[in-house]
Amino acid sequence: MLKKLPIGIQTFSKIREGDYLYIDKTEIALELIESYSYSFLSRPRRFGKSLFLSTLKEIFEGNKKLFEELYIYDKWDWEDIYPVIKIDFAKGRVEDRENLDDRILKILKKNQDNLGIKCEYINNSAGCFEELIEKAYEKYNQKVVILVDEYDKPILDNIENQEKASKIRDGLYNIYSVLKGSDEYIKFVFLTGVSKFSKASIFSGLNNIEDITLTPRFGNICGYTQNDIETQIAPYLQGVDFEKLKEWYNGYNFLKNNVYNPFDILLFIKNDFLYKNYWFETGTPTFLMKLIKQQNYFLPELANLKVGSELLNSFDIENIRFEVVLFQTGYLTIDKMVEKRRGGFEYHLKIPNKEVQISLNDSIINSLIKQSTEKLRYQDNLFDALYEAKFDNFQTSLISIFASIPYNNYVSNDIAHFEGFYASVIYIYLQSLGLEIIGEDVTNRGRIDLTVKINENIFIIEFK
């Protein structure tokens, strides 16, 4: 049965007018609270981080009525009410360091009003934050809960300008460093974001913060599981082909069960079961396109990508790895984790689903080789040639694609200088068709550069 909760938790998942769906995550919330005092979670945008944060806020503020019939209802001491400070960077854009400091002071002022506290440090964000924590502890005689939503957004808003992003990072460090010195007044800290910056750059000295991003028991902390789809959400999906739905919007994995992007599911229902790239349209990956050109990235490697522990820790403004950005922003997800013989783990990555596969590669085509006018015709011709196993037509389609790329695209676009330029173009066109593609497939006879499956046919492609 669908849950309809009173309006109190701030960001309900709204399906249709008057209907609010809330998937019960309070068991995970309770386990998180009991396990860690300071924790951090990274998930792609539009994945339900804010909703989970709002759930924590209502729990600590003792709003018992909101959780009737939910897991936590009879397992939490609702008599204990904690002062909550919530810092939210999700709304709006931070333009520079000065703008960041003003934004933080306004956020802290709002928290002062909510808690009935007045700070003396009205022009110093770090001083005001520290004072607010101490005064909240003194006024309520309870340790303080601090919730930070989209902790990294001010940096990501300016990631293409390294100098500006670095100054904003320093401003955030100035705020987050307050947590270490205020530990005696703090009950619980939870931060969410899209990217995992290295601890040294943002949380230096905050040794007790736990990154739960890839902790398996918290793998389903955000997103909808298959069980959610087939039980609580099923009444809204009558007549839907669940296998097709899974192919389009499932596939994200954080070392537990695969999960659906909740934003996709809600808009899919709202738009009468129309399959579209709902999530992808909410963020333009222009920065990714620039990274491809700057790093001369060989695109077919995305079909069989393996990374080490840097997946967890290596997002720095001065050293941005393309694969890490793709994973942390949701364009890639974990296929499997393999323990290496010499110790440690290796992560095999994949594109999560059909929505991302088609949309990402369409964006690459439009951005890097600028063929948006003829793109649909070329895609149709390629698909038909493979579907019907007509090799002459397939060859003709490829020749037409390369012949249509204007000369000035070569001289004005770095992709023309890639060693694997031709392989990259072929790969992104095939990926944009939504086909099943395997990269560097290992057999007993050696490696296959690219394997394509369609209509019970298997095509083996070797790049030379």
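Just so it is clear, the structure is predicted and the values come from calculations on it, not from any experiment.

Here we look at helix α11 (residues 262-270)
Here is step 1: With seven of nine residues buried, α11 lies mostly within the body of the structure.
Here is step 2: Buried within α11 are the following residues: Pro262, Phe263, Asp264, Ile265, Leu266, Phe268 and Ile269.
Here is step 3: Sitting at the head of α11, Asn261 places a side-chain oxygen 2.9 Å from the backbone nitrogen of Phe263.
Here is step 4: Where α11 ends, the next residue or the one after it, Asp272, has phi of about 60°, a positive value.

Some words on the environment of Phe254
Here is step 1: Checked against the element boundaries, Phe254 lands in the loop between α10 (242-249) and α11.
Here is step 2: Linking Phe254 and Ile334, residues 80 residues apart in sequence, is a C-alpha distance of 6.6 Å.
Here is step 3: With residues up to four places along the chain from it excluded, the contact list for Phe254 reads Arg43, Pro44, Phe47, Thr213, Leu214, Pro216, Gly219 and Val259.

Quick look at the packing of aromatic side chains
Here is step 1: Taken as a whole and assessed by the stated rule, the structure comprises 25 aromatic pairs.
Here is step 2: Between Phe391 and Phe459, the aromatic rings sit 5.9 Å apart at their centres with planes inclined by 70°, giving edge-to-face as the arrangement. Of this pair, Phe391 sits in helix α18 (residues 391-403) while Phe459 sits in strand β15 (residues 457-461), and the two are 68 residues apart along the sequence.
Here is step 3: Across the ring face of Phe254, the terminal group of Arg43 is positioned such that the distance to the ring centre comes to 3.8 Å.
Here is step 4: The ring of Trp279 has Arg45 lying over it, and the distance from NZ or CZ to the ring centre is 4.2 Å.

A word on the pattern of salt bridges
A side chain of one charge can pair with a side chain of the opposite charge when the charged atoms of the two come close.
Here is step 1: Inspection of the entire model under this criterion finds 18 salt bridges.
Here is step 2: Among the salt bridges present, the one from Glu243 reaches Lys246, with a minimum N-O distance of 3.9 Å. One end of the pair is Glu243 and the other is Lys246, both in helix α10 and three residues apart, which spans about a single turn.
Here is step 3: Using a relative accessible area of 30% as the deciding quantity, one classes Lys246 as partly exposed.

Considering helix α3 (residues 97-115)
Along an α-helix, residues three or four apart share an orientation, since each turn contains 3.6 residues.
Here is step 1: Here α3 spans 27 Å end to end across 19 residues, near enough to the 27 Å set by a 1.5 Å rise per residue.
Here is step 2: Turning to α3, its buried residues number three or more, namely Leu100, Arg103, Ile104, Leu105, Ile107, Leu108, Asn111, Gln112 and Leu115.
Here is step 3: Taken together, the buried residues of α3 touch β4 (84-88), α4 (125-140), α5 (153-156) and α6 (162-176).
Here is step 4: Between a side-chain oxygen at the N-terminus of α3 and the backbone nitrogen of Glu98 the separation is 3.3 Å; the capping residue is Asp96.
Here is step 5: The positive-phi residue at the C-terminal boundary of α3 is Gly116, with phi of around 70°.

A look at the sheet that holds strand β7 (residues 209-211)
Here is step 1: Read from one edge of the open sheet, five strands run β4-β5-β6-β3-β7, paired in parallel fashion. Both edges of this open sheet fall to β4 and β7, since each of them pairs with a single strand only. Strand-to-strand, the axes of this sheet are offset by a mean angle of 15°, without reference to chain direction.
Here is step 2: Docked against the sheet, helix α2 (residues 49-60) engages β4, β5 (144-149) and β6 (186-193), running at close to 165° with respect to β6.

Observations concerning the side chain of Asp228
Here is step 1: For Asp228, the position within the fold is in helix α9 (residues 226-230).
Here is step 2: One buried charged residue, Asp228, remains without a salt bridge, the closest side chain of opposite sign being Lys25 at 4.5 Å.
Here is step 3: With residues near it in sequence (within four places) discarded, Asp228 still touches Ile23, Lys25, Gly223, Ile233 and Ala234.

Section: unusual backbone geometry
Here is step 1: The phi torsion at Ala389 lies on the positive side, around 55°, for a residue other than glycine.
Here is step 2: Tracing the backbone through its elements, the reader meets Ala389 in the loop between α17 (375-387) and α18.
Here is step 3: Of note, the phi angle at Asn455 is positive, near 50°, even though the residue is not glycine.
Here is step 4: Mapped onto the secondary structure, Asn455 falls in the loop between β14 (446-454) and β15.
Here is step 5: Asn455 sits in the partly exposed class, given a relative accessible area of 39%.

Concerning the nonpolar core
General note: in soluble globular proteins, nonpolar side chains tend to be found buried as a group.
Here is step 1: In terms of nonpolar packing, the biggest core is built from 154 residues, with Leu32, Phe129, Ile146, Tyr176, Phe190, Leu245 and Leu430 touching the most fellow members.
Here is step 2: Ranked by residue count, the leading element in this core is helix α20 (residues 421-431), at eight residues.
Here is step 3: Filtering out sequence-adjacent residues up to four positions away, Leu245 remains in contact with Ile229, Leu237, Val240, Asn250, Tyr260, Ile265, Phe268 and Tyr275.

Some words on the side chain of Asn158
Here is step 1: Position of Asn158 among the secondary structure elements: in the loop between α5 and α6.
Here is step 2: When neighbours within four sequence positions are excluded, Asn158 is seen to be in contact with Arg93, Val94, Glu95, Lys164, Ala165 and Ile168.

Focus on the sheet that holds strand β8 (residues 305-307)
Here is step 1: Overall, antiparallel pairing links the three strands, which are arranged β8-β12-β11 in an open sheet. The open sheet has two edge strands, β8 and β11 (333-339), and neither has a second partner. Along the sheet, successive strands turn relative to each other by an average axial angle of 30°, direction set aside.
Here is step 2: Taken together, the six bridges between β11 and strand β12 (residues 345-350) define a ladder with antiparallel strand orientation. Bridge pairing in β12 places Lys336 opposite His348.

Concerning the environment of Ser363
Here is step 1: Tracing the backbone shows Ser363 in helix α16 (residues 354-369).
Here is step 2: It is 9.6 Å that separates the C-alpha atoms of Ser363 and Ile428, two residues lying 65 residues apart in sequence.

Observations concerning the pairing of strand β3 (residues 38-42)
Here is step 1: The buried fraction of β3 is high, at five of five residues.
Here is step 2: In β3, alternate side chains face the same way, and those of Tyr38, Phe40 and Ser42 on one face and Ser39 and Leu41 on the other are all buried.
Here is step 3: Across five bridges, β3 lies against β6 in parallel orientation. Residue Tyr38 lies in a different strand from β6, and its bridge partner there is Val189.
Here is step 4: One ladder, built from three bridges, connects β3 with β7; its direction is parallel. The residue bridging Tyr38 from the neighbouring strand is Ile209, located in β7.

About the criteria used
- Residues numbered from 1 in each chain as written.
- Predicted model: local features only at pLDDT ≥ 70, side-chain atom pairs only at ≥ 80, totals over all residues.
- Heavy atoms only, no water.
- Buried < 20%, exposed > 50% of the residue type's maximum accessible area, 1.4 Å probe, protein only.
- Helix = DSSP H or I, 4+ residues; strand = E, 2+ residues; numbered from the N terminus.
- Polar contact = N/O pair within 3.5 Å; in protein donor to acceptor, adjacent residues only side chain to side chain.
- Contact = heavy atoms within 4.5 Å.
- Phe/Tyr/Trp six-rings, centres within 6.5 Å; stacked < 30°, edge-to-face > 60°.
- Lys NZ or Arg CZ within 6 Å of the ring centre and 35° of its normal.
- Salt bridge = Lys/Arg side-chain N within 4 Å of Asp/Glu carboxyl O.
- Expected span 1.5 Å × (residues − 1).
- Pairing = 2+ DSSP bridges.
- Axes fitted to C-alpha atoms, helices over the stretch in contact; angles between N-to-C directions.
- Lys, Arg positive; Asp, Glu negative; His and termini not counted.
- Core = buried A, V, L, I, M, F, W, Y, C linked by side-chain atoms within 4.5 Å.

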